[in-house]
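# Fold and geometry: a report
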Amino acid sequence: MSKIMSHDDDTLATLAEAPTSRRAFLRTASLSAVGGALVACGTSSGQTQNSAAAKTTAAATAAPAPSGQTGGTMGAHDTVKPTAGPLDAADAMDAMHEKGIKAFPAKTAVYGNQPLEPKLVNGVKVFELTATEMQWETAPGQMVKAMAYNGQVPGPQIRVREGDRVRVILKNQLTQSTAIHFHGLELPVEMDGVPFITQPPVKPGESYTYEFTVPNAGSHMYHSHHNAAVQVGLGLLGAFIVEPKNKSQEPKVDHDVVFILNDGAHGYTFNGKSFPATQPIVAKLGQKVRIRYMNEGMMIHPMHLHGMHQTVIAKDGWPLQSPWKCDTLNIAPGERWDVVVNCTNPGTWAFHCHILPHAESDHGMFGMVTALVVEK
Amino acid sequence: MSKIMSHDDDTLATLAEAPTSRRAFLRTASLSAVGGALVACGTSSGQTQNSAAAKTTAAATAAPAPSGQTGGTMGAHDTVKPTAGPLDAADAMDAMHEKGIKAFPAKTAVYGNQPLEPKLVNGVKVFELTATEMQWETAPGQMVKAMAYNGQVPGPQIRVREGDRVRVILKNQLTQSTAIHFHGLELPVEMDGVPFITQPPVKPGESYTYEFTVPNAGSHMYHSHHNAAVQVGLGLLGAFIVEPKNKSQEPKVDHDVVFILNDGAHGYTFNGKSFPATQPIVAKLGQKVRIRYMNEGMMIHPMHLHGMHQTVIAKDGWPLQSPWKCDTLNIAPGERWDVVVNCTNPGTWAFHCHILPHAESDHGMFGMVTALVVEK
Amino acid sequence: MSKIMSHDDDTLATLAEAPTSRRAFLRTASLSAVGGALVACGTSSGQTQNSAAAKTTAAATAAPAPSGQTGGTMGAHDTVKPTAGPLDAADAMDAMHEKGIKAFPAKTAVYGNQPLEPKLVNGVKVFELTATEMQWETAPGQMVKAMAYNGQVPGPQIRVREGDRVRVILKNQLTQSTAIHFHGLELPVEMDGVPFITQPPVKPGESYTYEFTVPNAGSHMYHSHHNAAVQVGLGLLGAFIVEPKNKSQEPKVDHDVVFILNDGAHGYTFNGKSFPATQPIVAKLGQKVRIRYMNEGMMIHPMHLHGMHQTVIAKDGWPLQSPWKCDTLNIAPGERWDVVVNCTNPGTWAFHCHILPHAESDHGMFGMVTALVVEK
């Protein structure tokens, strides 16, 4: 259901070679590539822009003294343009920021969270998850040590229906033991995946089979529950979505997006990628997007969407009787929050963790930044 | 009201000497000792288990290539069992993990949060709290420097009724001044316990008497408000529960459990203890458990319960008009949250902070881990 | 609307020269100066206080042994008063604490968050914001490097009405580029303030004009969105309050207070000031205070009010359909929460972040501490 940009779409870097008027562009283009929705509004040559509503002008005349100013310490810059020194430094910083934005969405070879089709065996939906150690690319050229299910970080997305009979076969090809906990599912205790409490650890080279009837709907997760601070940090995690039998409480949406946050050994990531390799969400004007936030990290991440609000409809898979609105949703480790965004505002909207050091440095944006693109 | 396992119950270490079939055990045993609900499912001899639903097998045959695999980096482990090297390392790690689980619930000499019976003096409920410096045992043999009320960390549990007349006599036997703030109670300002704002500091060797009519119901706390970052971190804290006059809004529960989180100089603790010395909650199938979370630490702790959801019914002692459900509840410093768990799912359920480094390392579980045991 | 103490009011340091009976004082005084509501309850000369309800006495007689005591480790202090050594140390610590409290509210030369009156130009409300680099005084003598709008940290408070036409002229007198994002406002994308996505960066020496019709009511913010982890941390932030056209859902309050939290390079601050230079909120008994919390920092801050609860009425500017009560409200970066406090309890109430190391050290209170003063 989810419309996430495909990996073959153009990036801004390509588009920038054929520059376009930014405002005309944003207002009229119906883009299939999100890269096209981002434009190099400023360039290192320092060109300015002319528009009725938004304009940049050199402050050649004296600026009014700021009210409440203590005086002295800031006087030099009031009326005098900075000398070449700081301007050069500013240009150099801007160039780094621009380079990052232009690279977005940067391509990487493999993406996680890909839908995993089950094999149907006597009415049972069978999923195989093979855990291996590998290298993972969080952004172009940025390789990190990983543990992954089926070579993906996050692991493949499992999507079933309340009441389904499900079998998950875990194959451990790691150099350490592991196990899978189905976080949020109210399973029989033998299926809970906690070594030495509900099952033996699954040793390297062994397989282990979980089987159960899916008990409760909602946005859940699966992840390692053995040496988990390490194994989940390295990537042994994925989404386990359960669609309800009774859909009367479900919101009608055009896109259904899983959005997994992590902050361990791989840096600050959305679905296993760091900006500029994060994937934007692309929707048409008037469409509704359901976002299923899942925090698999060690820190909170208050997710801020620009331009439109988020209506919070479920917590940990349980519908809220009294939904509420926000633009910044604080998501703690282990939590899942479902929100709906009504895409009423066209444009390319920054969408990021509002703990700013998770999203930007003086070298530009990185880590937990992506965009929601609302196309006209 | 609360059923917390007694300190004389068997631990897993004892039970493991007479091994039992895990599944039969979990399904049929009606245990009075929680230790019995935990079984050594795997052993260092690597024995496997045979069951229709959950089985471990050596993956002697080739595993299918994971979808989306980048190739190369993980190939070696697909079809070849790891050599003895990693297996030995895995076994060594598992042995450490198993040892921790088997030790749970580990006995320590003294427990905090013990109910404190008031003396009744002319209709006034009189509680005495003596603050001392001492050593505290967070887990067997793990001694930490502490400040404690009545020799307990957390301090003794005070439980009164809305409208009660209460006197709290603080005796300061510390080497520094102190004072008690009744966190959440809407007291006359003279009783608020903030040195130099509402009272003088209580010097070493002095006593100080607080007296008030209990104004508002709910899950509250008492703790030092002098040099508090240090004194509360070292243990000068406790639960102050106020039962409402009007019980019509109160949930009917079988167990009423105070659950105090801390993360200061004593490490990551639940009610003053670190895993494996944390105390499990034990309930019978069908019973309801009310948990009163209180965060006396410096960090958030998203508390994740396996197997069953938590219905959130009150914040800081105030009933929610619109309760909501979750499995992971984020609790910030100073907050109290009341939840009810309907014990519908039998078994031993992991119950831990989902900031994983607060709960597990490669040496096994530690810190903020306990269990909810639902007995058939 | 907001009643924040003026800078010319007396501080406790002055008042302390004419000591008064604390209890009589608190109960009868109707103070215009909040300093007067704080009294030096204890002094370094160790004078005690006599009252029916609250008394300090030297524990000359043996204290009863604490229940549950492990014995040995704490025995020495049960009956014997500490020797002069620790008492001297305790007095020295108390003196530091007292000094901090007596200094509150400490005066600084310039305050941020001052209402900014717009110029009305053809029906457009025009606000000018000039960004400069300067020194900022977070507490008397504590100067920090800052970036500020109009010489204020936080920047001037902008307050408009839903549907207003607004123009904001940004003048960049920094040595680096910048831009303004109107956090929470659902503006046309060209006005969103994200360099290289929605506009070019505003270079040093340049100006940039934002103009829009105010789309949605509530407690919002404006801040830099360029090199923002640095620029917002240094002070480029302010409140952007939008009053709704339809006021039927608005609470009727006597005071409307903006309360901006920050924790970057300036330390732990409320509205740009650290205790003892934070400004108390002053209200009369029976009045209602609306507090608009805004977190511009990198950490959560659970705000704890003593003595009265807070009713939470809005999140990020959106009214809650089901308001809830608390005494400790967790506020994450980028979030805004509106609460109403019904001032039913007279006195001077501590009001602070409950992450205690943000508020107190063994040298006394600092950082995120202020007071709500309810005058009879």
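Residues numbered from 1 in each chain as written. Chains lettered and ligands numbered in written order. Predicted model: local features only at pLDDT ≥ 70, side-chain atom pairs only at ≥ 80, totals over all residues. Heavy atoms only, no water.

## Observations regarding unusual backbone geometry
Residues apart from glycine generally show negative phi values, whereas peptide bonds are mostly found in trans. Following Val153(A), the chain continues into Pro154(A) via a peptide bond in cis, with omega recorded as -10 degrees. Within the secondary structure, Pro154(A) sits in the loop between strand 4 (142–149) and strand 5 (158–161). Here the residue pair Phe275(B) and Pro276(B) is connected by a cis peptide bond, since its omega of 10 degrees sits within 30 degrees of zero. Structurally, Pro276(B) can be placed in the loop between strand 12 (269–270) and strand 13 (281–284). A positive phi angle is found at Asn150(C), which is not glycine, with a value near 55 degrees. Tracing the chain through its elements places Asn150(C) in the loop between strand 4 (142–149) and strand 5 (158–161). A positive phi is found at Phe196(C), a non-glycine position, where the angle reads about 75 degrees. Relative to the elements of secondary structure, Phe196(C) occurs in the loop between strand 7 (180–183) and strand 8 (206–213). (Helix = DSSP H or I, 4+ residues; strand = E, 2+ residues; numbered from the N terminus.)

## Brief notes about the nonpolar core
Judged by nonpolar contacts, the single largest core of 96 residues is most densely connected at Tyr293(A), Tyr293(B) and Tyr293(C). Residues in contact with Tyr293(B), not counting those within four places in the same chain, are Phe259(B), Met303(B), Gln310(B), Leu329(B), Ile331(B), Glu335(B), Arg336(B), Trp337(B), Val339(B) and Phe351(B). (Core = buried A, V, L, I, M, F, W, Y, C linked by side-chain atoms within 4.5 Å. Buried < 20%, exposed > 50% of the residue type's maximum accessible area, 1.4 Å probe, protein only. Contact = heavy atoms within 4.5 Å.)

## A short note on the sheet that holds strand 5 of chain A
Residues and elements named next belong to chain A. Strand order in the open sheet formed by four strands is 5-10-9-7, with mixed pairing between adjacent strands. Edge positions in the open sheet fall to strand 5 and strand 7 (180–183), since each of these has one partner strand only. Taking each pair of neighbouring strands and ignoring which way they run, the sheet shows an average axis angle of 25 degrees. Alignment of strand 7 against strand 9 (residues 218–224), held across four bridges, turns out to be antiparallel. When the bridges of strand 9 are listed, His181 appears paired with His223. (Pairing = 2+ DSSP bridges. Axes fitted to C-alpha atoms, helices over the stretch in contact; angles between N-to-C directions.)

## Thoughts on the side chain of His304(C)
Relative to the assigned elements, His304(C) resides in strand 15 (residues 301–305). Looking at His304(C), the relative accessible area reads 1%, which means it is buried. Within polar-contact distance, the side chain of His304(C) engages the backbone oxygen of Asp327(C) at 3.2 Å. Filtering out sequence-adjacent residues up to four positions away, His304(C) remains in contact with His181(B), His183(B), Gly184(B), Asp327(C), Thr328(C), Ala350(C), Phe351(C), His352(C) and His354(C). (Polar contact = N/O pair within 3.5 Å; in protein donor to acceptor, adjacent residues only side chain to side chain.)

## A few points about the pattern of salt bridges
Residues and elements named next belong to chain A. This model, assessed by the stated rule, comprises 60 salt bridges over all chains. Ionic pairing is found between Asp256 and Arg292, a salt bridge with its closest N-O pair at 2.8 Å. Taken together, the residues Asp256 in strand 11 (residues 255–262) and Arg292 in strand 14 (residues 288–295) connect sequence positions 36 residues apart. Under the relative-accessibility criterion, Asp256 is labelled buried at 5%. Arg292 gets classed as buried once you look at its relative accessible area, which sits at 2%. What emerges from the salt-bridge pattern is a single network uniting Arg159, Glu243, Lys247, Glu250, Asp256, Arg290, Arg292 and Asp338. (Salt bridge = Lys/Arg side-chain N within 4 Å of Asp/Glu carboxyl O.)

## What to know about the confidence of the model for chain A
Residue and element names in this part refer to chain A. In this model, chain A carries an average pLDDT of 84, and 77% of its residues clear a pLDDT of 70 or more. Low pLDDT, under 50, characterises residues 1–53; the stretch is placed with 106 contacts to residues that sit more than four places away or in other chains. A low-confidence stretch, residues 59–82 (pLDDT under 50), is modelled with 42 contacts involving residues beyond four sequence positions or located in other chains. (pLDDT = per-residue confidence, 0-100.)

## As for the sheet that holds strand 23 (residues 369–375) of chain C
All names here are of chain C. With mixed pairing, the five strands of this open sheet are ordered in space as 13-23-20-15-18. Strands with a single pairing partner mark the edges of an open sheet, and in this sheet they are strand 13 (281–284) and strand 18 (328–331). Each strand axis lies, on average, 20 degrees off the axis of its neighbour in the sheet, ignoring direction.

## With respect to the pairing of strand 6 (residues 165–172) of chain B
All names here are of chain B. The element strand 6 is largely enclosed, with a buried count of six among its eight residues. Of the strand pairs in this sheet, strand 3 (residues 124–139) and strand 6 are connected by seven bridges, and their pairing is parallel. Across the sheet, Leu129 pairs through a bridge with Leu170, a residue of strand 6. Across seven bridges, strand 6 lies against strand 8 (residues 206–213) in antiparallel orientation. Paired with Ile169 across the bridge in strand 8 is Thr209.

## A look at the state of the cysteines
One covalent bond between the sulfur atoms of two cysteine residues makes up a disulfide. Residue and element names in this part refer to chain A. Summed over all chains, the structure comprises zero disulfides over all chains. With no disulfide of its own, Cys343 lies 15 Å from the sulfur of Cys326, the closest cysteine sulfur. The class for Cys343 is buried, based on a relative accessible area of 0%. No disulfide involves Cys353; its sulfur sits 14 Å from the nearest other cysteine sulfur, which is in Cys326. (Disulfide = S-S within 2.5 Å.)

## Concerning the packing of aromatic side chains
In this structure the tally under the stated criterion is 37 aromatic pairs over all chains. The ring of Tyr111(C) is capped by Lys273(C), whose NZ or CZ atom sits 4.8 Å from the centre of that ring. (Phe/Tyr/Trp six-rings, centres within 6.5 Å; stacked < 30°, edge-to-face > 60°. Lys NZ or Arg CZ within 6 Å of the ring centre and 35° of its normal.)

## Considerations on the environment of Tyr222(C)
Residues and elements named next belong to chain C. Looking at where Tyr222 falls in the secondary structure, it is placed in strand 9 (residues 218–224). Spatially, the C-alpha atom of Tyr222 lies 9.2 Å from that of Leu185, the residues being 37 residues apart in sequence. Of note is the side chain of Tyr222, whose polar atom sits 2.6 Å from the backbone oxygen of Pro156.

## Concerning the pairing of strand 15 (residues 301–305) of chain B
All names here are of chain B. Judged by how many residues are buried, strand 15 sits mostly within the fold: five of five residues are covered. Neither face of strand 15 is exposed, since His301, Met303 and Leu305 on one face and Pro302 and His304 on the opposite face are all buried. Here strand 15 runs beside strand 18 (residues 328–331); their pairing, made up of four bridges, is antiparallel. By the bridge assignment, His301 is partnered in strand 18 with Ile331.

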